[in-house]
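So you can see what is in the structure, the chains are spelled out below.
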Amino acid sequence: MSNHAIREPVAVRWTLTAVALGFLALFLALPLAAVLTEAFAKGWGAYLRALATDVTLSSIRLTLIVAAISVPLNVVFGLTASWAIAKFDFRGKSLLISLIELPFSVSPVISGLIYVLLFGLQGLLGPFLAAHDFRVIFAVPGIVLATIFVTFPFVARELIPLMEEQGREEEEAALTLGASGLRTFWLVTLPNVRWGLLYGVLLCNARAMGEFGAVSVVSGHIRGLTNTMPLHVEILYNEYDFVGAFAVASLLALLAVVTLAAKTALEWWHRDELTATSH
Amino acid sequence: MIEVEAVSKHFGDFAALDRVSLCIDQGKLVALLGPSGSGKTTLLRILAGLEQPDSGRVRLGGVDATGLGTRDRRVGFVFQHYALFRHMSVAENIAFGLKVRKGPQRPGNAEIEAKVHTLLNLVQLGGLAGRYPSQLSGGQRQRVALARALAVEPRLLLLDEPFGALDAQVRKDLRRWLRRLHDEMGLTGVFVTHDQEEALEVADEVVVMNKGRIEQIGTPSEIYDSPATPFVYRFLGNVNAVPCAVSGGSAQVGGLHIGGGSVDGVGTAFVRPHDVEILELSPDLPQAVIRLVTVMGPLVRAEAVLPDGTVLEAELTRDQKDKLDLRRGQEVSLFLRKAKIFVGTGI
Amino acid sequence: MTTAALPLLRRTRVASSVIPGFAPALGFTLFYLSLVVLLPLAALLLKAAGTTFEQWGRILGDSRVLSALGLSFGGAFAAALINAVFGLLVAWVLVRYSFPGRKIIDALVDLPFALPTAVAGIALTALYAPNGWLGRHLEPLGLKVAFTPLGVVVAMVFIGLPFVVRTVEPVLQDVDLELEEAAASLGADRLQTFFRVILPAIAPSLLTGFSLALARAVGEYGSVIFIAGNLPGVSEIAPLLIITKLEQYDYVGATAIAAVMLAISFTLLLAVNLLQKWRRARMGA
């Protein structure tokens, strides 16, 4: 940008940059700093003690379990959906893509509500489930379902445009060379989208571990049983255990920062093999 | 021997191929030549099993292959944009077709490696085995794609616009090289092109296609010297197409006798520019006025206007031009060495 | 016609690819989509459809419900507007200017996507509470943020920020510098060039970013409830009211509010889509 005719005066540039950075500092850097400061307000000892309680540990365990179930399911879905959408032509494709992205425009609370309406005691399938003594709502299955719903589009949304961009010729080439459909998928399609897949998994996982609204509706907040980390943060906070709340929050913030770092690294090194960054 | 019998293919209500029949002899290199939308790529993809025809049959080596999947056809297909596996090295790309074979058909690793080595040398890429497609030039990618297709020892090699994405010089070198390679290996080959020069230079036989139908099949010289249809005339090389009238067995354009016609009526006469001879003004021959003289390297292009206003383009050598001292506005006489008349309107 | 039509028709032909696996892949996609998304959403519609006219009237006539919906949509609208202005500024600075740490800051813009909403909620509350880092200095000025509707807007600005920046950034990158040079050569000053040349070029993406930020903020729950104070009729958002109704086993009330929220959200998104389509058709692009 050395062109004089289309450059703003130095003073304008400085002012604009300062305002933009000030805005970002206010809304991004300060909250992050607040989490860490509050978590360590009473020192390392208090921080570690707050994390080492049984209920906190069980909330961490539940969060990991929920992510370990919902992320792989959405990966399988994302791969099949993008394979079907990108490698074949059929009517109603754009409707299907809109439906896949639908969960993004539904409030997290409503995402939880729909499962309560379906599986809750007063819900459509409630009596059936109660008769078979199987709990979905206020239990782990409900938490997993709500998490799957809110993270549903992440992997597919990353892979569909990527696979569409890559076209079908490489798969056709593999077939003319004698590869079966499954081997074509494993040897050609999957390696071609691996970085895009990882990108989608990162975002999907961050949301799965951090989801609050949807999970809050279906969890029932039973300590040690149906409390995920974000829900546990809320409980500790409402009990005025600020160090505890911010200590757990700091772990989630760490997850966010690691996710951002990994995502940025992917964007720097594999920009050509992602689509989210190159609309 | 490849036989295509009355093959049709529609995409929606668009007829990409309309009852096309074709026979290709063993060991020949055949060009499918036509403008885009003429159905040539569709025909190639049907030969490969990448598309299924709506009707008609395809026989490979006397055996009906119509319903056969692309995996089981043993054809080598070189894609227009090469379709190299971007995450595999050159050697891995070439070895792919051998590695995915199952059971006893799969050669041992040492054998595969030896074969890849041989192929790399054949396509003159000996030192590049470890490179990735993104690190290669267009011409190199083209040759990797060819080596990969040849690795499975196909009985038929199919190439979709093999030189389309390359720049002019690389294109020229590669097509001569492909011709030599084909002669050495004795494969049957079919390639698609929209470039008439390419088809005429490389192929043993040219199939000219238009709007899903075959216009003419013949050797390059047959196609160029005796086009069967007005389309072939127009598509292959530069041509003067002038309206003419045939009566009493003689065709006239602006007082210029251009040949005989068996059927009387209105039609179009096709004359190649190099068949228009410019002579010094002579009372016995029809006259014309030179409107434009353009020197293009060793050749000279001139436009002559007949008394009725018809413009004919002529091609002559520098020598001829200098002898005539050809200038704009000069009055000359014309002689047509060869012309072909198609009677009918709308040609 | 043939020349132009072929590639087009190829793309729209119906399932005749030689690549195998179409039926199982599409089958599984539809099955999983129905099971996880469509069926549960249908349950909501079914429940809403079973609500009587009188019940609708009672729920939507309730001033607490109305003010919650008003706060969710009004607050989201205000936050999206703020984000449109500052998001555009951030995108501009990140794309056009270079300064140390630009890449890191660019990456940080996505923080609200990655940071769990509950964490954002308690962090913002800690900042803006009357005894917090910022609240302490704002309070004497008579500016109360936490536990007021203003706090709701602050949280909504936080979670909506990346949407505007990320949709505007790539478009701003693609704006042809020659256009700006042409404007300058024709005598336009920088401000004129910005408003007459650059802004029209990025306006569609700005509108998209605005509507995405709006949609996200309308449904937002986690980052808002901590800072809002949740005073019924004042700083209570609609999603929280849904949860409150659920806890009182008022499924009908919860469903009705949810249905209204979804209906308004989808109508807004549809309107924006149509507007964009109309724009594109008019511009011929």
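Preceding block: the structure.
Let us look at the structure shown here. (Residues numbered from 1 in each chain as written. Chains lettered and ligands numbered in written order. Predicted model: local features only at pLDDT ≥ 70, side-chain atom pairs only at ≥ 80, totals over all residues. Heavy atoms only, no water.)

## Topic: the interface of chain C and chain A
Across the boundary between the two partners, chain C contributes 88 residues, which contact 86 residues of chain A. Carbon and sulfur atoms supply 81% of the area that chain C and chain A bury against each other, a total of about 8000 Å² over both sides. Scanning the region where chain C abuts chain A turns up 2 salt bridges. Summed over the shared surface of chain C and chain A, the result is 7 residue pairs in polar contact (both at pLDDT 80 or more). Tallying contributions element by element places helix α2 (residues 22–49) of chain C first for the side of chain C that touches chain A, with 17 residues. Residue classes in the side of chain C that touches chain A are distributed as 68 nonpolar, 9 polar and 11 charged. (Contact = heavy atoms within 4.5 Å. Buried area = accessible area lost by both parts, 1.4 Å probe. Salt bridge = Lys/Arg side-chain N within 4 Å of Asp/Glu carboxyl O. Polar contact = N/O pair within 3.5 Å; in protein donor to acceptor, adjacent residues only side chain to side chain. Helix = DSSP H or I, 4+ residues; strand = E, 2+ residues; numbered from the N terminus. Nonpolar A, V, L, I, M, F, W, Y, C, P; charged D, E, K, R; others polar.)

## As for the pattern of salt bridges
A complete count under the given rule lists 38 salt bridges over all chains for this structure. The salt bridge partner of Arg86(B) is Glu170(A), with a shortest N-O separation of 2.7 Å. With one member in each of two chains, Arg86(B) in the loop between β6 (75–78) and α2 (90–99) and Glu170(A) in helix α9 (residues 169–176) form a pair that bridges those chains. Put simply, Glu267(A) and Lys263(A) hold a salt bridge, and the shortest N to O gap is 3.1 Å. One end of the pair is Glu267(A) and the other is Lys263(A), both in helix α14 (residues 242–269) and 4 residues apart, which spans about a single turn. For the pair shown, Glu267(A) and Lys263(A) are each scored as buried. If you follow the salt bridges from partner to partner, you end up with Arg171(B), Arg175(B), Arg176(B), Asp195(B), Glu197(B), Glu198(B) and Glu201(B) in one network. (Buried < 20%, exposed > 50% of the residue type's maximum accessible area, 1.4 Å probe, protein only.)

## Side note on the packing of helix α1 (residues 10–39) of chain A against helix α4 (residues 63–96) of chain C
Packed helices, taken two at a time, are described by the angle their axes make and the gap between the axes. Taken N-terminus to C-terminus, the directions of α1(A) and α4(C) make an angle of 120°; their axes are 9 Å apart at the nearest point. As judged from the angle between their axes, α1(A) and α4(C) are oblique. For the element pair α1(A) and α4(C), the recorded crossing hand is left-handed. Touching Leu16(A), Thr17(A), Val19(A), Ala20(A), Phe23(A) and Leu24(A) of α1(A) are Asn83(C), Phe86(C), Leu89(C), Val90(C), Trp92(C) and Val93(C), all from α4(C). (Axes fitted to C-alpha atoms, helices over the stretch in contact; angles between N-to-C directions. Parallel < 35°, antiparallel > 145°, perpendicular 65-115°, else oblique. Left-handed = near helix turned anticlockwise from the far one by under 90°.)

## Structural notes on the side chain of Thr188(B)
Residues and elements named next belong to chain B. Note on placement: Thr188 falls in strand β8 (residues 188–193). Owing to a relative accessible area of 2%, Thr188 belongs among the buried residues under this scheme. A polar contact of 3.2 Å, which involves the side chain of Thr188, links it to the side chain of Gln26. Excluding its chain neighbours within four sequence positions, the residues that come into contact with Thr188 are Ile2, Ile24, Asp25, Gln26, Gly27, Lys28, Arg155, Leu156, Leu157 and His182.

## As for the sheet that holds strand β3 (residues 29–33) of chain B
Residue and element names in this part refer to chain B. The strand order β6-β7-β8-β3-β9-β10 describes an open sheet built from 6 strands, whose pairing is mixed. Edge positions in the open sheet fall to β6 and β10 (213–218), since each of these has one partner strand only. Sheet twist, expressed as the mean angle between neighbouring strand axes with direction ignored, is 15°. By the bridge criterion, 5 bridges tie β3 to β8 in an arrangement that is parallel. The partner of Ala31 across the bridge, within β8, is Phe191. (Pairing = 2+ DSSP bridges.)

## Comments concerning helix α7 (residues 117–128) of chain C
An ideal rise of 1.5 Å per residue puts 16 Å on 12 residues; α7(C) measures up with 16 Å between its terminal C-alpha atoms. Extensive coverage of α7(C) is indicated by the burial of 12 of its 12 residues. (Expected span 1.5 Å × (residues − 1).)

## Focus on unusual backbone geometry
Trans peptide bonds make up most of the peptide bonds, and negative phi angles are found at most residues other than glycine. In this model, Asp133(A) sits at a positive phi of 55°, which is unusual for a non-glycine residue. By the secondary structure assignment, Asp133(A) is in the loop between α6 (126–131) and α7 (140–151). Although it is not a glycine, Phe147(C) adopts a positive phi angle of roughly 65°. A residue is classified by how much of its surface remains accessible, and Phe147(C), at 42% relative accessible area, is partly exposed.

## Looking at the interface of chain A and chain B
Contacts between the two partners involve 18 residues from chain A, matched on the other side by 25 residues from chain B. Carbon and sulfur atoms supply 59% of the area buried between chain A and chain B, which totals about 1900 Å² over both sides. On the chain A side of the contact with chain B, Glu169(A), Thr176(A) and Leu177(A) bury the most area, a combined 35% of that side's loss. At the level of elements, α9 and α10 (181–192) of chain A are the ones that each hand at least two residues to the side of chain A that touches chain B. When grouped by side-chain class, the residues that make up the side of chain A that touches chain B number 8 nonpolar, 5 polar and 5 charged.

Any functional reading would require information that these geometric values do not contain.
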